[in-house]
Amino acid sequence: MIIAPSLLAANFGQLAKETGRASRSGAQWLHLDIMDGHFVPNISFGPQVVKTLRPLSKLFFDVHLMCSKPEILLQPFAQAGADQIIIHVELGEAVASLIWKIRALGKKVGLAVNPPTSIALIQPYLAQIDLVLVMTVNPGFGGQSFIHECLPKIQQASEWRREKNLRYRVEVDGGINNETIAECAGAGADTFVAGTALFNQRNMRAAVARMQKIADAHDPGLADLKI
Ligand code: DX5
Ligand code: ZN
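Chains are numbered independently. Their residues run from 1 in the order of the written sequence. Lettering of chains starts at A and numbering of ligands starts at 1, both following the order in which they are written. Local features in this predicted model are restricted to residues whose pLDDT is 70 or higher, and side-chain atom pairs enter the listing and the counts only when it is 80 or higher, whereas totals over whole chains, interfaces and linings include all residues. With hydrogens and water excluded, all non-hydrogen atoms of the structure serve as input to the side-chain values.

With that settled, consider the site of ligand 1. For this purpose, a residue is taken to be near a molecule or strand whenever a single non-hydrogen atom of the residue falls within 4 Å of it. Looking at ligand 1, there are 20 residues lining it, with Asp33, Gly140, Asp173, Gly195 and Thr196 nearest. Glycine 143 is positioned with one of its backbone polar atoms (N or O) 2.8 Å from an oxygen atom of ligand 1. In the complex, 99% of the free accessible area of ligand 1, which totals 390 Å², lies under the protein chains. Elements represented by at least two residues in the shell around ligand 1 include exactly β2 (29-35), β3 (60-66) and β8 (191-194). A helix here means a DSSP run of H or I that spans at least four residues, while a strand means a run of E at least two residues long, and both kinds are numbered starting from the N terminus. The leading source of residues in the shell around ligand 1 is β2, at 3 residues. Classification convention: Asp, Glu, Lys, Arg as charged; Ala, Val, Leu, Ile, Met, Phe, Trp, Tyr, Cys, Pro as nonpolar; all other residues, Gly among them, as polar. Split by residue class, the shell around ligand 1 holds 8 nonpolar, 10 polar and 2 charged. Polar contact criterion, stated in full: a pair of N or O atoms within 3.5 Å, where within protein one must be able to donate a hydrogen and the other to accept it, and residues adjacent in sequence count only if both atoms are side-chain atoms. For accessible areas, the Shrake-Rupley method is used with a probe of radius 1.4 Å. Any residue's cover is judged against the shown protein chains and nothing else.

By convention, a stacked pair of Phe, Tyr or Trp rings (six-membered ring in the case of Trp) has centres within 6.5 Å and planes under 30 degrees apart, an edge-to-face pair has planes over 60 apart, and any other such pair is tilted. Applying the stated criterion across every chain, the model contains 2 aromatic pairs. Note on phenylalanine 12 and phenylalanine 45: the rings are 5.9 Å apart at their centroids and 65° apart in plane angle, and the pair reads as edge-to-face. Highlighted residues: phenylalanine 12 in the loop between β1 (2-5) and α1 (15-23) and phenylalanine 45 in the loop between β2 and α2 (47-53), separated in sequence by 33 residues. Each residue gets one of three labels from its accessible area relative to the maximum for its type: buried under 20%, exposed over 50%, partly exposed in between, using a 1.4 Å probe on protein chains only. Owing to a relative accessible area of 39%, phenylalanine 12 belongs among the partly exposed residues under this scheme. Taking 4.4 Å as the distance between ring centres and 25° as the angle between the ring planes, the aromatic pair formed by tryptophan 29 and phenylalanine 60 counts as stacked. Residue tryptophan 29 is located in strand β2, and its partner phenylalanine 60 is located in strand β3; the two are separated by 31 residues in the primary sequence. When sorted by exposure, tryptophan 29 lands in the same class as phenylalanine 60, which is buried.

So, on to unusual backbone geometry. Within the chain, asparagine 165 stands out as a residue other than glycine whose phi angle is a positive 55°. Mapping asparagine 165 onto the fold places it in the loop between α5 (151-163) and β7 (169-173).

In this analysis a donor is any N, O or S atom within 2.8 Å of a metal ion (3.2 Å for sodium, potassium and calcium), and since water is not included, sites may seem incomplete. In the first shell of the zinc ion (ligand 2), the protein supplies His31 (NE2), Asp33 (OD), His64 (ND1) and Asp173 (OD), at 2.0 to 2.3 Å from the metal. Labels for metal geometry use angle windows, namely 85 to 135 degrees for all angles of a four-donor tetrahedral site, and for square planar (four donors) or octahedral (six donors) sites opposite donors over 155 degrees apart plus all others within 65 to 115; sites meeting none of these are irregular. For the zinc ion (ligand 2), the 6 donor atoms in the first shell make angles of 68 to 166° at the metal, so the coordination geometry reads as octahedral. All donor residues of the zinc ion (ligand 2) come from one chain, and their arrangement in sequence is H-x1-D-x30-H-x108-D. Taken together, the positions of aspartate 33 in strand β2 and histidine 64 in strand β3 put the pair 31 residues apart, joining distant regions of the chain. Assessed through its relative accessible area of 0%, histidine 64 is described here as buried.

Moving on, we come to the packing of helix α6 (residues 180-187) against helix α8 (residues 204-217). All axes here are fitted lines through C-alpha atoms, helices being fitted over the stretch that makes contact, and every angle between N-to-C directions spans 0 to 180 degrees. In the contact formed by α6 and α8, the axes pass within 8 Å of each other and the chain directions differ by 35°. Once α6 is placed against α8, the crossing between them reads as right-handed. Residues Ile181, Ala182 and Ala185 of α6 lie in contact with α8, whose contacting residues are Met211, Ile214 and Ala215. By residue class, the composition of the contact of α6 with α8 is 6 nonpolar, no polar and no charged. If you view the pair so one helix is near and one far, a crossing is left-handed when the near helix is turned anticlockwise from the far one by less than a right angle, and right-handed when it is turned clockwise. Throughout, a residue-residue contact means that at least one pair of heavy atoms, one from each residue, lies within 4.5 Å.

This part takes up the sheet that holds strand β5 (residues 108-113). Pairing between strands requires that DSSP locate at least two bridges from one strand to the other. Spatially, the 8 strands line up as an open sheet ordered β1-β8-β7-β6-β5-β4-β3-β2, and their pairing is parallel. The two strands at the open ends of the sheet, each matched to only one other strand, are β1 and β2. Strand-to-strand twist across the sheet, computed as the mean angle between neighbouring axes with direction ignored, equals 25°. Where β1 and β8 come together, 4 bridges link them in parallel fashion. Following the sheet pairing, isoleucine 2 is matched in β8 by threonine 191. Of the strands in this sheet, β5, β6 (131-135) and β7 are in contact with α5, which crosses β7 at around 170°.

With that out of the way, let us pick up the pairing of β7. Within β7, 5 of the 5 residues are buried, which leaves it mostly tucked inside the rest of the structure. The path from the first strand over the helix to the second decides the hand: if it runs clockwise while the strands point away from the viewer, the crossover is right-handed. Considered for its hand, the β-α-β crossover made up of β6, α5 and β7 is right-handed. For β7 and β8, the ladder comprises 3 bridges, and the chain directions are parallel. Residue pairing for β8: aspartate 173 is matched across the bridge by valine 193. Between the parallel pair β7 and β8, the chain is carried across by α6, and the sense of this crossover is right-handed.

Written out as structure tokens, the structure is:
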């Protein structure tokens, strides 16, 4: 089970310090939310920020592109130090070539699905990706409430993994706290993004340890995964 603090909830005036805090928290990944003001109604930060933070941390950089034209951003984020690049299945026809391009850059590939979008759209790509990201809030902002109606999608992604004998991770993002992480782990998720619930804590290390313990306790034991 992997915990991924989301930098979107950090103090933006102190991103280097906040990255250090996440790096010492015991979490394995750092989730980096990239918003373009078009795919979602908010703007976050770009490749230059990721490049600046890269030497400060050994964490796996999980870059979540909430962007209408990811094709122009793949190389900049790959060069900036992303370990994995997640694109959205809502981009439709562009998805197949985007997956191929991310692979060609030597990075892991994730495919995200928004709450109103059917998980069935992900199915054709399952053999080509490293991670399915089930959004559990409508993307754009941190601090929103978990949408429980998304839980069956986590179950479905985890069921397909077992049926097809695939090894992608199932990540959840949005409204994850000590209660909702248990529900998601029970449904088959193995990777948990948490922004507000971690960065708002004075002691992030203790908060990560607590989440990790809860997630592990609810692990249905389905995952035997690559990172
Ligand atoms: C939402 C982002 C999330 C966000 C989660 O658009 O994709 O990664 O940071 O924040 P919390 O954990 O506060 O819901
Ligand atoms: Zn995200």
